[in-house]
Structures are given as structure tokens and as C-alpha cells.
Amino acid sequence: MPKHTHKLLLVLSIALVTSGCGILYKQPIYQGNLLEKANVDQLQTGMSKQQVTLLLGTPSVEDPFHHDRWDYTSTQRTNRRGSTEKKNLTVWFENDAVVKWEGDYFPEQDEQLARQTVKQFGRNLPKEKGKKGR
């Protein structure tokens with residue numbers, strides 16, 4: 001076998017082995033609603049759907065079969081294995097007014113996540129003229 005063939009086989013075998021191990025980089029993916037703790041803390045029973053929308057934004061899921069339930073869902077994949085963490089905050093309405101809310105949503109973690117994304121990906125908006133640094 002020629003020398004170049006040995007090098008090619010070596011490179012291909014290393015690529016094959018490392019692709020199956022999870023050694024290769026997998027980009028973090030964040031999807032859904034990032035809620036601020038201050039806004040979640042302001043939720044009160046009796047609020048209208050419009051007030052909740054102004055406070056938390058549009059829900060991720062408005063179930064067409066359950067008009068009195070809104071779900072604010074987010075997922076994040078941050079590790080090399082590609083495992084996904086899902087968080088959910090559900091708000092229930094009765095006669096278009098908030099009755100209760102619950103979920104495993106952690107707004108404090110979203111604040112940390114928002115800060116990390118700037119470090120990982122940089123700012124999406126151009127810097128203002130006349131300001132130095134970040």
C-alpha cells in the first residue's frame with residue numbers, strides 16, 4: 001500500500017472513533033420562553049390573559065382543546081452528549097382570569113443562561129457609538 005493510503009486510513013479511523021464518543025463539539029441550543037424572575041413573581045390570581053401576556057409574553061403552547069391553559073416551555077441542550085433539559089410553567093385561567101400556576105420552571109437559571117449566551121455567542125446588537133468596552 002502507498003504511504004498516502006495509510007495516512008488516509010488513519011485520519012478516517014480517528015474521525016470515525018471520535019464521532020461516536022461525543023468528543024466532537026455540539027453547539028448549545030436554547031429554545032422557548034426565558035422568563036424573568038421579577039415577572040413571574042408578579043403573577044397574581046385574577047389577572048386577565050392580556051395582563052399575563054404583557055407580563056410573561058406569548059405562551060409557547062396554547063392548547064386548542066384547553067383554552068384555559070397556557071404553557072411557557074423552554075428546552076436547553078448544553079452538554080456534549082446532547083441530553084436536553086425541559087422546563088415548564090403552566091398558567092390556568094377561569095373566565096379569562098388567572099386561577100393558579102405551577103411548574104418546574106426556574107427563572108433564576110434563565111438569568112444565568114442569558115448572561116452565559118452573551119459570553120458564548122457575543123452580543124447580537126451593534127455597540128452604541130461613543131461607548132467604550134462592553
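For clarity, every value in this text was computed on a predicted model and none was experimentally measured. (Residues numbered from 1 in each chain as written. Predicted model: local features only at pLDDT ≥ 70, side-chain atom pairs only at ≥ 80, totals over all residues. Heavy atoms only, no water.)

### A word on the overall build of the chain
- For the chain, the helix and strand inventory stands at four helices and five strands.
- Along its sequence from the N terminus, the chain presents helices and strands in the succession α-β-α-α-β-β-β-β-α.
- Here the chain holds 134 residues, and 20% of them are scored as buried.
- Put simply, 45% of the contacts in the chain that link residues at least 6 apart link residues at least 24 apart. (Helix = DSSP H or I, 4+ residues; strand = E, 2+ residues; numbered from the N terminus. Buried < 20%, exposed > 50% of the residue type's maximum accessible area, 1.4 Å probe, protein only. Contact = heavy atoms within 4.5 Å.)

### Some points on helix H3 (residues 49-56)
- Those residues of H3 that sit buried are Val52, Leu55 and Leu56. One face of H3 carries all of its buried residues, which in axial projection span an arc of 75 degrees. For H3, the exposed residues lying more than 90 degrees away from the buried face are Gln50 and Leu54.
- Of the surrounding elements, those touching the buried residues of H3 are helix H2 (37-41), strand E3 (69-77), strand E4 (84-94) and strand E5 (97-103).
- One or two residues past the end of H3 sits glycine 57, with phi positive at roughly 95 degrees. (Arc of directions from axis to C-beta.)

### A few points about the nonpolar core
- Ranked by internal contacts, the top residues of the largest apolar core, which has 13 residues, are Leu43, Val52, Leu56 and Tyr72.
- Only H3, E3 and E4 provide two or more residues apiece to this core.
- Apart from residues lying up to four places away in sequence, valine 52 is in contact with Leu43, Met47, Gly57, Trp70, Tyr72, Phe93 and Val98. (Core = buried A, V, L, I, M, F, W, Y, C linked by side-chain atoms within 4.5 Å.)

### Remarks on the pairing of E4
- Of the pairings in the sheet, the one linking E3 to E4 comprises nine bridges and is antiparallel in character. Pairing of aspartate 71 across the sheet is with threonine 90, part of E4.
- Where E4 hands over to E5, the hairpin turn is made up of two residues, of which asparagine 95 adopts a positive phi near 55 degrees. (Pairing = 2+ DSSP bridges.)

### Concerning the environment of leucine 56
- Structurally, leucine 56 can be placed in helix H3.
- Classification of leucine 56 as buried rests on a relative accessible area of 8%.
- Sequence separation between leucine 56 and leucine 43 is 13 residues, and the spatial gap between their C-alpha atoms is 8.9 Å.
- Residues within four places of leucine 56 in sequence aside, it is in contact with Asn33, Leu35, Asn39, Val40, Leu43, Tyr72 and Leu89.

### Focus: the packing of aromatic side chains
- Summed over all chains, the structure comprises one aromatic pair.
- Sitting over the face of the ring of phenylalanine 93, lysine 49 holds its NZ or CZ atom 5.4 Å from the ring centroid.
- Lying across the ring of tryptophan 92, lysine 100 places its NZ or CZ 4.5 Å from the centre. (Phe/Tyr/Trp six-rings, centres within 6.5 Å; stacked < 30°, edge-to-face > 60°. Lys NZ or Arg CZ within 6 Å of the ring centre and 35° of its normal.)

### A word on the pairing of E5
- Pairing of E4 with E5, which is carried by six bridges, proceeds in the antiparallel orientation. Considered in E5, the bridge of tryptophan 92 is made with lysine 100.

### With respect to the side chain of asparagine 33
- Secondary-structure assignment places asparagine 33 in the loop between strand E1 (29-32) and H2.
- Classification of asparagine 33 by relative accessible area gives buried; the value is 12%.
- Reaching out from asparagine 33, the side chain makes a polar contact with the backbone oxygen of threonine 58 at a distance of 3.0 Å. (Polar contact = N/O pair within 3.5 Å; in protein donor to acceptor, adjacent residues only side chain to side chain.)

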